[in-house]
Amino acid sequence: MSNKINFGNYFEDFSIGQKIVHPLPRTISEGDVSLYIAFTGSRFSLHSSDIVAKEMGYNKRPIDDILMFHLTFGKSVQDISLNAIANLGYAEVSFVNPVYVGDTVSMTSSVIGLKENSNGKSGVVYVHSIGVNQDGNEVLNFKRWVMVHKKDHSIKSDINVVPTFEKSAPINIVNIPTIKKVDTDASGGEFFFEDYEVGERLNHPEGITIDNSDHTLATKLYQNNAKVHFNDHMMKSTPMGQRLMYGGIIISIARAISHNGLFNAQWVYAINSGSHSNPTYAGDTIYAYTEILEKIEVNRDDIALLRVRTIALKNQNPKEIENPKEIENAKGEDGKYLPNVVLDLDYTVVIPKKSTKK
Amino acid sequence: MSNKINFGNYFEDFSIGQKIVHPLPRTISEGDVSLYIAFTGSRFSLHSSDIVAKEMGYNKRPIDDILMFHLTFGKSVQDISLNAIANLGYAEVSFVNPVYVGDTVSMTSSVIGLKENSNGKSGVVYVHSIGVNQDGNEVLNFKRWVMVHKKDHSIKSDINVVPTFEKSAPINIVNIPTIKKVDTDASGGEFFFEDYEVGERLNHPEGITIDNSDHTLATKLYQNNAKVHFNDHMMKSTPMGQRLMYGGIIISIARAISHNGLFNAQWVYAINSGSHSNPTYAGDTIYAYTEILEKIEVNRDDIALLRVRTIALKNQNPKEIENPKEIENAKGEDGKYLPNVVLDLDYTVVIPKKSTKK
Amino acid sequence: MSNKINFGNYFEDFSIGQKIVHPLPRTISEGDVSLYIAFTGSRFSLHSSDIVAKEMGYNKRPIDDILMFHLTFGKSVQDISLNAIANLGYAEVSFVNPVYVGDTVSMTSSVIGLKENSNGKSGVVYVHSIGVNQDGNEVLNFKRWVMVHKKDHSIKSDINVVPTFEKSAPINIVNIPTIKKVDTDASGGEFFFEDYEVGERLNHPEGITIDNSDHTLATKLYQNNAKVHFNDHMMKSTPMGQRLMYGGIIISIARAISHNGLFNAQWVYAINSGSHSNPTYAGDTIYAYTEILEKIEVNRDDIALLRVRTIALKNQNPKEIENPKEIENAKGEDGKYLPNVVLDLDYTVVIPKKSTKK
């Protein structure tokens, strides 16, 4: 047998402070952008038109933040989560600088926590990952933790180093050019920062069905090589019985659907926390609704931030789940996620103020 | 509930003379062009090769006219036909100027007719839509009419303003550069304007099967957001029971298939009328045949026009439906379209004359 | 009936020495490159990043050799194999010069052999095909032979001109720039020419399931118009009962999977022989393993060649078929390919030497 196959890392392969340079830097192309529109039907005008982007203050259209996330994040799967039992969480995900067609993104991670499980079979690995462009400028910065298998169940290390995370990504500088004007005829909606209220709920009306070819094409494009998404032969002998959709697909679809209601919120500033609360498979139709959690000023006249929570549902229209006030949205009386809830995403978007209206 | 969701327009939302600027200008990319070849297998050499395009008299290859149609037309769905019961027809569709990768297309519509249905539940909206590029030059000009729901069935307006349409798009200037030479080794066929005869029928031999992922990827790429094409969960509770294919997919496939017989007719000049005579669903195999209706000179030595009629069929080879002379092609003795006929497209193509042959 | 339909060539249409210029030159775009990653999940860093390519000695990233093969080869189907009963083999396939986005490839073939079958119904056509770029520089050179139908079974020619082929493509110049340095952090593996041993076997761990939309999108993108791959309606009345996957899809997937083990072997130098030993259909999961056949020096300090054999399997992990020494790998005791073996590809890759390690 050859020693040249990379089977990914197991719990014992990680150590605190270890730095991992993920392979496969990626030059982003117009093909990636078109495919992303084909996967999601995304309608945010900033990413659709160079003319709109120039009018707003850019030299050309930047790529969609979630597309950038997938292309950069995908690189870390081989080293961090190829042997993952579960992706447990994200925190402090910041979208630092805009990314354009022609940029080359790459990523490195540092191990910031390790906690062996008491059963001796697995452990949780915490990493801090930073994505940069060809000039070394940060484009993505996040922490995540995954449960991975151990190679040897008989040796126990009892390691227990658990980092703490901010509840929301810190608000630092906003690397967005001064927004000159927003053409609501182009963006499709006339609502600005001032128009949204904390507690407001947007039931996005669209639902999009995802098939096996779409989701596997997308995940392969992102060069995310987690086997569970591609190998139906292997998955048939698991309890799932079929290929599991990459959770990032749901984030993309929910974000695209949220356009209808958040037309002018064209930037993702941060992801504060995210939970893939139930699995999704080919044939599922994804719906979403959004709650406005917080309105945040950032010392600028042109833009501000909205912290929002988008809940994605499978095969259920958001109109059908309006919880009574005493139960948290998307959860049942037992405090657990409802069975059709597939994503609970707490994130922060940038939205222009009324003064920018053309 | 939020007031920020756009549910599209209902019959009462339209008024004669109203001008609608459709959102979402779109910069066309190389990714769109590659995806269009992947969707259709199109073999027209002018759109496949910069070298061929230059030899013919262009600076670089223009994009396929039908791809341009979808990318431009798709913008109008949100405002015009999101609540459509049926897309009733097109008229006077002109492809005015060539479009290239890097161009940004956008569209506006004027309401030119309104006719309330006698049942009080719906009405027909007639619009005149004009697509332009980033310099304001027209690239697409058409009229269409759709039946849309009313919001309030109890109030009747009895409005009845119906425009008249030309039977075929008017022949104006032809914005095609002087065609220097046509390399039939590159185009794949040696037939020119002079070789076709009125009444000639071309049974295109190819048949292409369309699956759910292909047609939804295409329709999402075009940012056409009509729900019936994407939402399987919703469609399961309708008589159709599944996602309906966007009719433009059939136009694209029929046009691509028609290459085998119309090799050198690489431009669509106009669509005179079109009918999606039966629905298509995933798994259907599309075939097509073309009849030559009219030969039209346009005062040029290099090119002329052919008015043709392409009939697309599902799951039936065109060889199998040769009507007797007394029955119109594609229709039964009762004058209705045969059940496998899914498109009846009367359009005009540009084709070079023999003098251009390399 | 029209005389303008091209039904492809039959055995009688070919003659020794005949030269065929295949239609449809193709300008390669960034869209093609992104789609290829989406189809295969390919992880070879040279084709993924301009930064990596520059560091190695290129001006920008060349396209994947197998993508170039499909885009160029696809052109010959219309003339050579549209009426093929079987694609019998390839020989002496050389990848002569690198190809980049923006290049336009085209292809011509010469008939070098003809052998009528004794049954009078078909014959074997041998062609030598050469692909060039826009400057006339060779990019692909190969011989192949296909069995095609005769039009008239009653007339026999008894022609029997069979060319001979080299067992492996000849080793000529290697048109690869001097490789300055290889960053194993980027390529994902630290193994170089010196590390591989003849006889070594690499069981690539990934398996990728292919669906109908993926494989038909790919084959249409390559403008390969063989009907068996697209027309489900027609195929339902054949013994196969469904669309047959284009064999090139399997070559692409096997090559992409082989990255895990052959990380730095980023160039295909030649294909010596190839056999599609069993058919593949939608839903099949493709696995692969590779044997190192030969180590070849080419008078360069930076690179050398590995001749390898990659076996692709459907729905079976390569770990499960380790033949005993006395039986050739991938074959049963009867000398025939095992039923799950779908590709036996003998090819030569370029791999850098240890001295290039960054």
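Residues numbered from 1 in each chain as written. Chains lettered and ligands numbered in written order. Predicted model: local features only at pLDDT ≥ 70, side-chain atom pairs only at ≥ 80, totals over all residues. Heavy atoms only, no water.

A. Structural view of the overall build of chain A. Scanning chain A from N- to C-terminus turns up eight helices and twelve strands. A compact globule built from 358 residues would reach a C-alpha radius of gyration of about 21 Å, and chain A, at 20 Å, matches this within 12%. If one aligns the C-alpha atoms of chain A with their principal axes, the spans along those axes are about 65 × 50 × 40 Å. The buried share of chain A, reckoned over its 358 residues, is 64%. Put simply, of all contacts in chain A between residues at least 6 apart along the chain, 80% involve residues at least 24 apart. (Helix = DSSP H or I, 4+ residues; strand = E, 2+ residues; numbered from the N terminus. Rg over C-alpha atoms; globule rule 2.2 N^0.38 Å. Buried < 20%, exposed > 50% of the residue type's maximum accessible area, 1.4 Å probe, protein only. Contact = heavy atoms within 4.5 Å.)

B. The arrangement of the side chain of Arg201(B) in detail. Tracing the backbone through its elements, the reader meets Arg201(B) in strand 8 (residues 201-209). We classify Arg201(B) as buried; its relative accessible area is 8%. Polar side-chain contacts of Arg201(B) include one of 2.8 Å to the side chain of Asn203(B). From its side chain, Arg201(B) meets the backbone oxygen of Pro318(B) in a polar contact 2.8 Å long. Excluding residues that lie within four positions of it along the chain, Arg201(B) makes contacts with Tyr289(B), Thr290(B), Glu291(B), Pro318(B), Ile321(B), Glu322(B), Asn329(B) and Ser2(C). (Polar contact = N/O pair within 3.5 Å; in protein donor to acceptor, adjacent residues only side chain to side chain.)

C. Expanded view of the domain arrangement of chain A. All names here are of chain A. The domains assigned to chain A are domain 1 (7-28 + 63-165) and domain 2 (171-358). Taking only C-alpha atoms, the centre of domain 1 and the centre of domain 2 are 22 Å apart. With 24 residues of domain 1 at the interface, the matching set in domain 2 holds 23 residues. In this assembly, domain 1 packs against domain 2 so that about 1900 Å² is buried in total across both faces, 52% of it on carbon and sulfur atoms. (Domains from an automatic or database assignment. Buried area = accessible area lost by both parts, 1.4 Å probe.)

D. Representation of the interface of chain B and chain A. Contact with chain B, which involves 38 residues of that partner, is made by 48 residues of chain A. For chain B, the biggest contributors to the area lost against chain A are Lys4(B), Lys220(B) and His233(B); these three give 21% of the whole. On the surface where chain B and chain A come into contact, there are two salt bridges. For Asp211(A), the salt bridge is made with Arg243(B), and the minimal N-O distance between the two is 3.0 Å. (Salt bridge = Lys/Arg side-chain N within 4 Å of Asp/Glu carboxyl O.)

E. Molecular detail of the relation of the copies chain C and chain A. For the pair chain C and chain A, the best superposition has an RMSD of 0.0 Å and corresponds to a rotation of 120 degrees with a translation of 0.0 Å parallel to the axis. Seen this way, the second copy is the image of the first under a three-fold rotation axis. For chain C, the residue whose C-alpha comes nearest the rotation axis is Gly31(C), separated from it by 2.2 Å. (Least-squares fit on C-alpha atoms with pLDDT ≥ 70 in both.)

F. Examining unusual backbone geometry more closely. A positive phi is found at Asn315(A), a non-glycine position, where the angle reads about 60 degrees. You can see Asn315(A) is positioned in the loop between strand 11 (303-314) and strand 12 (341-352). Despite not being glycine, Gln223(B) has its phi angle at roughly 55 degrees, a positive value. When you line up the elements, Gln223(B) lands in the loop between helix 6 (212-221) and helix 7 (232-235).

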